[in-house]
Amino acid sequence: MTDLFPPAKLGHVAANMVAGDAAHRVLSEQDFAQARAEIMQWDGYCATPLVSLPALAAKIGVGEILYKDEGPRFGLGSFKALGGSYAAQRVLQREVSKAVGQDVSLEDIRLGAYKDECAKITLVSATDGNHGRSLAWGCQRFGAPCRIYIHAEVSEGRAQAMRDLGANVVRITGDYDASVLLAKKEAEDNGWFVVSDTSWPGYSEPPRDVMSGYGVMTQEICEALTQAPTHVFLQGGVGGLAAGVVAGIRQYWGENGPRVVIVEPKLAACLFESARVGKAVNFAIVDETLMAGLSCGEPSGMAWEILVQEASDFLTIPENIVAPAVRLMARPLDSDPVVEAGESAIAGLAALVAARMEDDLSGQWA
Ligand SMILES: Cc1ncc(COP(=O)(O)O)c(C=O)c1O
């Protein structure tokens, strides 16, 4: 259909055509409303652009393409500013409340009313870089010490970006899983608090807050539209972003909602694999994908609970369309605007363009 990309074979699992109750049960309207009310008060808050790409839409034969550009979000260059930092603020709210023996509000934490108490609460996480940067940013904002564990393969540039935000960065010799274990152990031993974007049995509050924070993005998109889009493409790593956004979409549009398509690299397809076998499973990553932010082998349990009910389709994309998709944003067709987008951010757009080239997928979605 188009000459934009080389031939690309997508993986596809059709999931639910009827939404379940997870969008209301796992994350509530109240969770989103509270996060939104707070984040909109943060210094520097403003809605990020929803960019229209009419020339690309015409080229692939669809009515309209809108791309949510999270680049300008709080100057952090990442949608994760909404989740990790909000989760950090919520941990501080809960822990300061316990320390002072009375209910403390998010506003109190934001305005520094309990500065001394916050300075005594250390927040920690293991990271490949992105979540850690947002946590470091949140800790800097709210005055809490931050300790970040990175594995041997994390670049020095990423480590420095977190140090620049005030984090104490600890590099280990092992892999990502070893950094997660060490973060948990040292937190237990020292009375620190893990702020992870992935949930596991017995650990769900911060991941719920992370996903609630992402609801800000969804609300901005929904409010900018006069009718529901037909399809929404969301990239997936551990699934937190995708689950947070799909829950908000289902809450907002109800029965008349879009088809929500989850997109992952073929090389790191833990959500796709889980959808294929019908339960959350790990995916053994052998070769690293260019989409480094999506290189996750283990779904977040809580995100999976939402996605298994609320996602319409799971797709995988091959590596050979990543660079063409990044280029398409940097050097767009005709008068479409330039969007600065990285390899992980373009996964959904790459999947859409590639799907329009594949007759069987495109036909199913007509
Ligand atoms: C641009 C981008 N999109 C998506 C993700 C994945 O988000 P999640 O792990 O919440 O699914 C990442 C993770 O770092 C990312 O950098």
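Look a little higher up for the structure.
None of these values were measured; they are calculated from a predicted model.

A few words now on unusual backbone geometry. Phi angles above zero are rare outside glycine, and F74 is one such case at about 50 degrees. Tracing the sequence through the fold places F74 in the loop between β3 (66-68) and α4 (84-100). Residue F74 is classed as buried on the basis of its relative accessible area, which comes to 13%. Although it is not a glycine, D334 adopts a positive phi angle of roughly 40 degrees. Mapped onto the elements of the fold, D334 is located in the loop between α14 (322-330) and α15 (347-357).

Moving on, we get to the sheet that holds strand β10 (residues 313-317). Pairing is mixed across the open sheet formed by four strands, whose spatial order is β1-β10-β9-β8. Each edge of the open sheet carries a strand with a single partner, namely β1 (11-14) and β8 (231-235). If you compare each strand with its neighbour and ignore which way they point, the axes differ by 20 degrees on average. Pairing geometry for β8 and strand β9 (residues 259-265), over five bridges, is parallel. What sits directly across from F233, in β9, is V261.

Here we come to helix α7 (residues 130-142). In a regular helix each residue adds 1.5 Å, so 13 residues correspond to 18 Å; α7 covers 19 Å between its end C-alpha atoms and thus fits that length. Buried residues of α7: H131, G132, S134, L135, A136, W137, G138, C139 and F142, and no others. Looking one or two places after α7, you find G143, whose phi comes out positive at around 75 degrees.

Rules used in this analysis
- Once a new chain begins, its residue numbering starts again from 1 and follows that chain's sequence as written.
- Reporting in this predicted model follows two pLDDT cut-offs: at least 70 for local features of residues, and 80 or more for side-chain atom pairs to be given and counted; totals over whole chains, interfaces and linings ignore these cut-offs and use all residues.
- The basis for the side-chain values is all heavy atoms of the structure; hydrogens and waters are excluded.
- Helix and strand definitions here come from DSSP, where helices need a minimum of 4 consecutive H or I residues and strands a minimum of 2 consecutive E residues; each element is numbered from the N-terminal end.
- Partly exposed residues are those whose accessible area sits between 20% and 50% of the maximum for their type, while under 20% is buried and over 50% is exposed, using a 1.4 Å probe and protein chains only.
- Pairing between two strands requires that DSSP report at least two bridges joining them.
- Helix axes use the C-alpha atoms of the stretch in contact, all axes being lines fitted to C-alpha atoms, and the angles between their N-to-C directions lie in the range 0 to 180 degrees.
- Multiplying one less than the number of residues by 1.5 Å gives the expected span of a helix.

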